[in-house]
Every structure is written in C-alpha cells, then in structure tokens.
Amino acid sequence: MTKPILYITRKVPDQIVKKITSNFDVRMWEYEDQPVPRNVLLQEVRNADGILCLISEQIDKEILDQAKRLKIISNMAVGYDNIDVLAAREKGIVVTNTPDVLTETTADLTFALLMATARRLVEASDYIRNDQWTNWSPYLLAGSDIHRKTIGIVGMGRIGHAVAKRAKGFDMSILYHNRNRNRNAEVELQAEYTDFESLLRNADFVVSLVPHTLETDQLFNKEAFAKMKSSAIFINASRGKVVDEDALLHALHTKEIKAAGLDVFSTEPIRRDHSLVKLDNVVCLPHIGSASVETRTRMLQLCIENLEGYFFGKGPKTPV
Ligand code: DGY
C-alpha cells in the first residue's frame, strides 16, 4: 500500500519524524526558524495528502486551489484564523487544531504578562542592565497592584477560564464577556457575566482571549479604549487583529489607558521600529503563549494523532 504523503511546513524534531515514517511518506521544510516560502508551499501542497502547518502559513484559497489530493490540514495551534476553513470545507478537506493541550501554559503566560505589565518588570530589568540604579526611592518603578483588583476577561473559553482561576488565587473580582455564559466559571470562581461595555468600564485589567473572526475583527477600537478606566491595563494574548493598533497607540499616548501587555500583533513578526514597541508602558512578547517545551511537544503530538486518526483510525481527534 502506498503511504499518504505528509508535508510538514517546519522542521520538527527527528524523534517525531522517526515515529511517523512507517505510516507516512514525510516531506518537510528543513529549517526550524524560518517559515516555508510561499512558492515552495504552493508547490508542495500539490502532491500532499496531508499537511501539518503552523500559524505562520496562510492556507488560503490560492493554496487550496493547488491542492489536488489534500484531505487534511493539521494546524499546530488552537486558533485557526490562518486557514480559510470554509474554502477547505467546500473541497472536503478536514481541518484540525490543538485545543486543551495548551490551555494551562497559555493561561500561565497571559497571567505572567499581566503581572509583568502591572509591576513594570521589563522596565525594571532594563533599569539594572542600563546601570541606572543608584538608590532606593519611594516610587521608583512603582506599578499597579494586582491582588483584589477587577479582571475583565473577554472570551471565556478554556483559556479564559484557566486565567480566571489564576485571578481567583489573587483575590481578584472576575468579570467576563463571552458569546455563551460559562456557568462553571460563575459557580466555581464567582465570575460575573457582563455586557462588553460594562466590562470595559469596570475592569482594572481588560484581557483579550477572543479568537479572531469577522465579529471580533478590531473589537478593541477607539470607542472601546475610550470606555476603559485611565488606570486600566490592556492585555492581549489571543490575536493581534482583534485590536485596532492605531487606536491602542493613541490610547496609550494620550494616557486614556495606563499600559498594555501584548503577546500578539496584527502583523507578525513586529519590528523594533514599530511605535508600540517604543513605548515604556507596553510589554511586547513574540507570540509565546503556548511556548513551553512540554506544551509545544504535546501540540505536535496531537497534530500527528489527528493525521493518524484520519488516515488509519477512527477519524481525527480534534477537528474544528
Ligand atoms: C494558538 O495555539 O492559537 C497560539 O496562538 C499559537 O501557539
């Protein structure tokens, strides 16, 4: 029997490839730190039965039109806004993602980013590296408290719930806004469901964990930032495109809000000369929400299980 051809769009560890070569004819982009060029992907997708891809690849109609025998796209992320899922569905191509395995790790990072932004950790570390520390003074690098404040979580799915648990440990009051009520969070964590506007007006920390869709595109816009407290700290750990970055920049410049912690940007990678990167009251991270060795390995493993389930088992484990 001929093996299905699997194209992997980034170099993955040898031990993972070794495990799957008995089942798949594996082809792979051979660089770990560089995305596959578009023209190579367009070529490779022609012969592939399955692809394992990352969020750095736009799997759009142009790519899908080249795919003559493609049956499954296994995306190494919980978010899948890099894939035209409707176009894939029309062609009968299955799309899978990696939910659950990254929930706790991403919640850890989201809360770490919130803390780093509130307590100005990056600025403080730079202060020593730049040899600026000459004495102790009462308000030197004084930030905002976190404990007993109000967190407003926009997008109360699995990761939102896990962030709320962490907030509970800091005696925070929890507000949330979501398409559906999360009764478990209400009972377990006394999280309070609220409309978007009240959340913006009342939260000390506004945390975005919504996926990027047509409905959430630039959800955090000029009007949204204008409703936040002037002491509010905005955290985005979902997708950059849910924010109007010019409006955010304006809100930070004019002190309409106090600070922002951003793990995601509307164009990634963001460069050093981007205006958001230059602000002292912004902490920027290079989209590392799920980046622990354990979790990234589990994500890859789940991608493989989805492919194996599709070709040799009872179907993919986590289709979208
Ligand atoms: C996801 O899984 O969607 C993350 O943003 C990538 O780690």
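Residues numbered from 1 in each chain as written. Predicted model: local features only at pLDDT ≥ 70, side-chain atom pairs only at ≥ 80, totals over all residues.

Is there a simple way to explain the packing of helix 5 (residues 103–118) against helix 7 (residues 158–169) in this structure?
In contact at an axis separation of 8 Å, helix 5 and helix 7 are set at 55° when each is read in the N-to-C sense. Relative to helix 7, the element helix 5 is oriented oblique. Two packed elements cross with a definite hand, and for helix 5 against helix 7 that hand is right-handed. Contacts between helix 5 and helix 7 involve Thr103, Glu104, Thr106, Ala107, Thr110 and Phe111 on the former and, on the latter, Arg158, Ile159, Ala162, Val163 and Arg166. Residue composition of the contact of helix 5 with helix 7, by class: five nonpolar, three polar and three charged. (Axes fitted to C-alpha atoms, helices over the stretch in contact; angles between N-to-C directions. Helix = DSSP H or I, 4+ residues; strand = E, 2+ residues; numbered from the N terminus. Parallel < 35°, antiparallel > 145°, perpendicular 65-115°, else oblique. Left-handed = near helix turned anticlockwise from the far one by under 90°. Contact = placed C-beta atoms within 7 Å. Nonpolar A, V, L, I, M, F, W, Y, C, P; charged D, E, K, R; others polar.)

Looking at this structure, I do not really get the sheet that holds strand 10 (residues 233–236). What am I missing?
Strands pair in a sheet through their backbones, by hydrogen bonds, and they do so in one of two ways: parallel or antiparallel. Strand order in the open sheet made by the seven strands is 8-7-6-9-10-11-12, with parallel pairing throughout. Of all strands in the sheet, those bounded by a partner on one side alone are strand 8 (192–193) and strand 12 (282–284). On top of the sheet, helix 7 reaches strand 6 (150–154), strand 7 (173–177) and strand 9 (205–208); it is set at about 165° to strand 7, its chief contact. (Pairing = 2+ DSSP bridges.)

Is there a simple way to think about the environment of Thr134 in this case?
Structurally, Thr134 can be placed in the loop between helix 6 (121–129) and strand 6. A residue is classified by how many C-beta atoms lie within 10 Å of it, and Thr134, with 7 of them, is exposed. Thr134 sits 54 residues away from Glu188 along the chain, and the two C-alpha atoms are 47 Å apart. (Buried ≥ 20, exposed ≤ 12 C-beta atoms within 10 Å, placed from the backbone.)

Mind showing me how you'd approach the environment of Arg296 here?
Secondary-structure assignment places Arg296 in helix 13 (residues 293–312). Between the C-alpha atoms of Arg296 and Glu123, which are 173 residues apart in sequence, the distance is 29 Å. With residues up to four places along the chain from it excluded, the contact list for Arg296 reads Ser290 and Ala291.

How should I be thinking about the pairing of strand 7 in this particular structure?
Consecutive side chains of a regular strand alternate in pointing toward one face of the sheet and then the other. Of all five residues in strand 7, four are buried; the element is thus mostly enclosed. Where strand 6 and strand 7 come together, five bridges link them in parallel fashion. Considered in strand 7, the bridge of Ile151 is made with Ile174. Note: strand 7 against strand 8, two bridges, orientation parallel. When the bridges of strand 8 are listed, Tyr176 appears paired with Tyr193. Taking the sense of rotation as the criterion, the β-α-β connection linking strand 7, helix 8 (residues 183–189) and strand 8 turns out right-handed. (Right-handed = clockwise from strand over helix to strand, strands pointing away.)

What am I meant to see in the domain arrangement of the protein chain here?
Frequently, the measure chosen for interface size is the accessible area that the parts lose on association. Under the domain assignment, the protein chain is made up of domain 1 (5–100 + 293–312) and domain 2 (103–284). Relative to domain 2, the C-alpha centre of domain 1 lies at a distance of 31 Å. Taken residue by residue, the interface counts five residues in domain 1 and six residues in domain 2. Tallied by class, the residues present in the side of domain 1 that touches domain 2 amount to one nonpolar, two polar and two charged. (Domains from an automatic or database assignment.)

Whenever I open this one, the sheet that holds strand 2 (residues 25–28) confuses me. Can you help?
With respect to topology, five strands assemble into an open sheet ordered 2-1-3-4-5, the strand pairing being parallel. Edge strands, defined here as strands with exactly one partner in the open sheet, are strand 2 and strand 5 (94–96). Each strand axis lies, on average, 15° off the axis of its neighbour in the sheet, ignoring direction. Running over the sheet, helix 13 touches strand 1 (5–8), strand 3 (50–53), strand 4 (72–75) and strand 5 and is turned about 160° from strand 4.

I tried to follow the UniProt feature "domain: D-isomer specific 2-hydroxyacid dehydrogenase NAD-binding" (unreviewed entry) in the protein chain on my own but got confused; where do I start?
Per the UniProt record, "domain: D-isomer specific 2-hydroxyacid dehydrogenase NAD-binding" (unreviewed entry) is found at residues 111–289. Within the segment residues 111–289, helix and strand shares are 35% and 15% respectively, and the terminal C-alpha atoms sit 10 Å apart. (UniProt positions renumbered as here; feature names shortened; annotations may be inferred.)

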